[in-house]
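Next come the chains, spelled out residue by residue.
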Amino acid sequence: QVQLVESGGGLVQAGGSLRLSCAASGRTFSNYATGWFRQASGNEREFGAAITRYGDNTYYANYVKGRFAISRDNAKNMVYLQMNSLKADDTAAYYCAADPNIITVRLRPDAVDYWGKGTLVTVSS
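Residues numbered from 1 in each chain as written. Predicted model: local features only at pLDDT ≥ 70, side-chain atom pairs only at ≥ 80, totals over all residues. Heavy atoms only, no water.

**Description of the nonpolar core**
Next, step 1: Within the largest apolar cluster, 26 residues are counted, with the highest numbers of intra-cluster contacts made by Leu4, Trp36, Leu81, Met83 and Tyr94.
Next, step 2: Those elements that provide at least two residues to this core are strand S1 (2-7), strand S3 (18-26), strand S5 (46-51), strand S7 (68-73), strand S8 (78-83), strand S9 (92-99) and strand S11 (119-124).
Next, step 3: Contacts of Tyr94, omitting those with residues within four sequence positions, involve Glu6, Leu20, Trp36, Phe37, Arg38, Phe68, Leu81, Met83, Gly118, Thr119 and Val121.
Next, step 4: Membership of the second largest hydrophobic core comes to nine residues, among which are Phe37, Ala50, Ile102 and Val105. (Core = buried A, V, L, I, M, F, W, Y, C linked by side-chain atoms within 4.5 Å. Buried < 20%, exposed > 50% of the residue type's maximum accessible area, 1.4 Å probe, protein only. Helix = DSSP H or I, 4+ residues; strand = E, 2+ residues; numbered from the N terminus. Contact = heavy atoms within 4.5 Å.)

**Structural notes on the packing of aromatic side chains**
Next, step 1: Tallied over the entire structure, the rule returns three aromatic pairs.
Next, step 2: Through a chain of ring-to-ring contacts, three or more aromatic side chains come together here, namely Phe37, Phe47 and Trp115.
Next, step 3: Its end group placed over the ring of Tyr80, Arg19 keeps NZ or CZ at 4.2 Å from the ring centre.
Next, step 4: Just above the ring of Phe29 sits the side chain of Arg72; from NZ or CZ to the centre is 4.3 Å. (Phe/Tyr/Trp six-rings, centres within 6.5 Å; stacked < 30°, edge-to-face > 60°. Lys NZ or Arg CZ within 6 Å of the ring centre and 35° of its normal.)

**Some words on the pairing of S7**
Next, step 1: On S7, burial follows the alternation: Phe68, Ile70 and Arg72 on one face are buried, whereas Ala69, Ser71 and Asp73 on the facing-out side are not.
Next, step 2: Across six bridges, S7 lies against S8 in antiparallel orientation. Counted as the bridge partner of Phe68 is Met83 from S8.
Next, step 3: Linking S7 back to S8 in an antiparallel pair, the connection comprises four residues, with Asn77 at a positive phi of about 55 degrees. (Pairing = 2+ DSSP bridges.)

**What about unusual backbone geometry?**
Next, step 1: A positive phi is found at Asn77, a non-glycine position, where the angle reads about 55 degrees.
Next, step 2: Mapping Asn77 onto the fold places it in the loop between S7 and S8.
Next, step 3: The class for Asn77 is partly exposed, based on a relative accessible area of 27%.
Next, step 4: One non-glycine residue, Ser85, lies in positive phi territory at about 50 degrees.
Next, step 5: Mapped onto the fold, Ser85 is located in the loop between S8 and S9.

**Examining the sheet that holds S8**
Next, step 1: Read from one edge of the open sheet, four strands run S1-S3-S8-S7, paired in antiparallel fashion. The open sheet has two edge strands, S1 and S7, and neither has a second partner. The average undirected angle you get between the axes of adjacent strands in this sheet is 15 degrees.
Next, step 2: Note that S1 and S3 share six bridges and pair antiparallel. Within the sheet, the bridge partner assigned to Ser7 lies in S3 and is Ser21. (Axes fitted to C-alpha atoms, helices over the stretch in contact; angles between N-to-C directions.)

Quick look at the structure:
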């Protein structure tokens, strides 16, 4: 089992920045690719960013490219999402996910092994 706990959400003005954190516990963290997803009210969950087990490759949805950056620190069992130039449309609950397979994280979220409970980001315009 892997437990994931997100933090860092909150209220921010449009154009501002936030850094989300995801703390992992349980099994060896470096065995898992991780990702960030979001779900706005009334919308389906959507992929945001993913990072391979050792951080050598990152992947982004088009809507976050150039604005968000995913990173990880395996020594601390942490994954981060730096979010810059935030827009009102970025308002959503953000979820951390972990799975041994980066392809699953990127393309098959319904099959991802572990999810956090989310942290809410609200961007005011």
